[in-house]
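# Topology and contacts: notes
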Amino acid sequence: PNVGIVNQRLQALFLERAVEKRQTCWNGVVENHSADGGIDHSPDVFLHVVQLLFLAGCGYCVYKTLRFFFSREWSTIGACGVVLIPGNLVYASLMLTETGAEFFISVYCWLLVRAFKTGSSIHLAVAAALGLAMTTWKYGFLLYGILALVSLILLKPKKPGPYLIASLGLLVLTLWIL
C-alpha cells in the first residue's frame, strides 16, 4: 500500500509544480499555483470586443444625430471627438456599464431628434420604450423614458401603434420591478 502513495508523490513531484504560499510583510498572501492553473482570458477579450462595438455604435449614432444639424464633415468631426474622448477609451477597456450606457443614450438621442425633426410618432414611441427599458440598466434612465413618453402623449398620435410600442418599455420596466 505504501508503494502507491510514493508513486503518487513522485508523479506530483515530476509532472506538476507545487503550490507555493508565502506571506508578505503587509500580511498579504501570495500564491503561486501550478502551470495548469492558468487564467483563461477569452471572456476578457469578448467583453472588450463588445465594449468597442458599443463605442463604435455610439459614434455612429452621434454622427447620425449631428447630421440633422450639421454638414457631413462637421458631423464626422463631432462623432470622432466623442469616440476619442480619453474617458471613453478608458471605459472601453475597463468597464462595460459606462460604454453600454453611452451607446443606449446615443441611440435614444438619435430617436428623439429624428422624431422631433420628422414628426414621427413611431420614433418617439421607440425612444420612450428604450428609455423605460434602459432603466433596468441604470436607475437614472427613468427620466429619459418619462420625457419621451410625455412627448408622445403631447404629440397625440392617431394610430394605436406608437402607444403599443411605448407600452413595451413600460412592460419591461414593470416586469423588472416585480
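Details of the structure are given in the entry above.
None of the values given here were measured: they were computed from a predicted structure. (Residues numbered from 1 in each chain as written. Predicted model: local features only at pLDDT ≥ 70, side-chain atom pairs only at ≥ 80, totals over all residues. Heavy atoms only, no water.)

### Quick look at helix 7 (residues 142–155)
For helix 7, spanning 14 residues, the distance from its first C-alpha to its last is 20 Å, which sits close to the expected 20 Å at 1.5 Å a residue. Buried within helix 7 are the following residues: Gly145, Ala148, Leu149, Ser151 and Leu152. Seen end-on, helix 7 carries its buried residues on one side only, within an arc spanning 160°. Along helix 7, exposed side chains directed more than 90 degrees from the buried face belong to Leu143 and Leu154. Two residues or fewer after helix 7 comes lysine 156, characterised by a positive phi angle close to 55°. (Helix = DSSP H or I, 4+ residues; strand = E, 2+ residues; numbered from the N terminus. Expected span 1.5 Å × (residues − 1). Buried < 20%, exposed > 50% of the residue type's maximum accessible area, 1.4 Å probe, protein only. Arc of directions from axis to C-beta.)

### Here's the deal with a nonpolar patch on the surface
Residues Phe69, Phe70, Trp74 and Ile77 make up a contiguous nonpolar surface patch of roughly 500 Å² in combined accessible area. When you line up the elements, phenylalanine 69 lands in the loop between helix 2 (42–66) and helix 3 (72–83). (Patch = residues over 30% accessible without salt bridge, like charges linked within 9 Å, V, L, I, M, F, W, Y side chains within 5 Å. Areas by Shrake-Rupley, 256 points an atom, 1.4 Å probe, with all protein chains shown as cover. Salt bridge = Lys/Arg side-chain N within 4 Å of Asp/Glu carboxyl O.)

### What to know about the environment of cysteine 61
Along the chain, cysteine 61 falls in helix 2. Distance in space between the C-alpha atoms of cysteine 61 and serine 106 is 5.7 Å, their sequence separation being 45 residues. Among residues more than four places away in sequence, those in contact with cysteine 61 are Ser106, Val107 and Trp110. (Contact = heavy atoms within 4.5 Å.)

### Remarks on the nonpolar core
Residues Val107, Tyr108, Leu111, Leu112, Ala127, Leu130 and Ala148 are the most contacted members of the largest nonpolar core, which totals 23 residues. Taken together, the elements giving at least two residues each to this core come down to helix 2, helix 5 (96–118), helix 6 (121–134), helix 7 and helix 8 (161–177). With eight residues, helix 5 is the single largest residue contributor to this core. Non-local contacts of valine 107, meaning those with residues more than four positions away in its chain, are made with Cys61 and Leu130. (Core = buried A, V, L, I, M, F, W, Y, C linked by side-chain atoms within 4.5 Å.)

### Regarding the packing of helix 7 against helix 8
The angle between the axes and the distance between the axes are what describe a pair of packed helices. It is the contact of helix 7 with helix 8, at a shortest axis distance of 11 Å, that shows an interaxial angle of 155°. In terms of their interaxial angle, helix 7 and helix 8 are classed as roughly antiparallel. As helix 7 packs across helix 8, the resulting crossing turns out to be left-handed. Two secondary-structure elements touch here, helix 7 through Leu142, Leu149 and Leu152 and helix 8 through Pro162, Tyr163, Ala166, Leu170 and Leu173. (Axes fitted to C-alpha atoms, helices over the stretch in contact; angles between N-to-C directions. Parallel < 35°, antiparallel > 145°, perpendicular 65-115°, else oblique. Left-handed = near helix turned anticlockwise from the far one by under 90°.)

### Thoughts on a positive patch on the surface
A surface patch of positive charge is lined by Lys64, Arg67, Arg72 and Arg114. Relative to the helices and strands, arginine 72 is located in helix 3. A relative accessible area of 53% means that arginine 72 is categorised as exposed. (Lys, Arg positive; Asp, Glu negative; His and termini not counted. Charge placed at Lys NZ, Arg CZ, Asp CG, Glu CD.)

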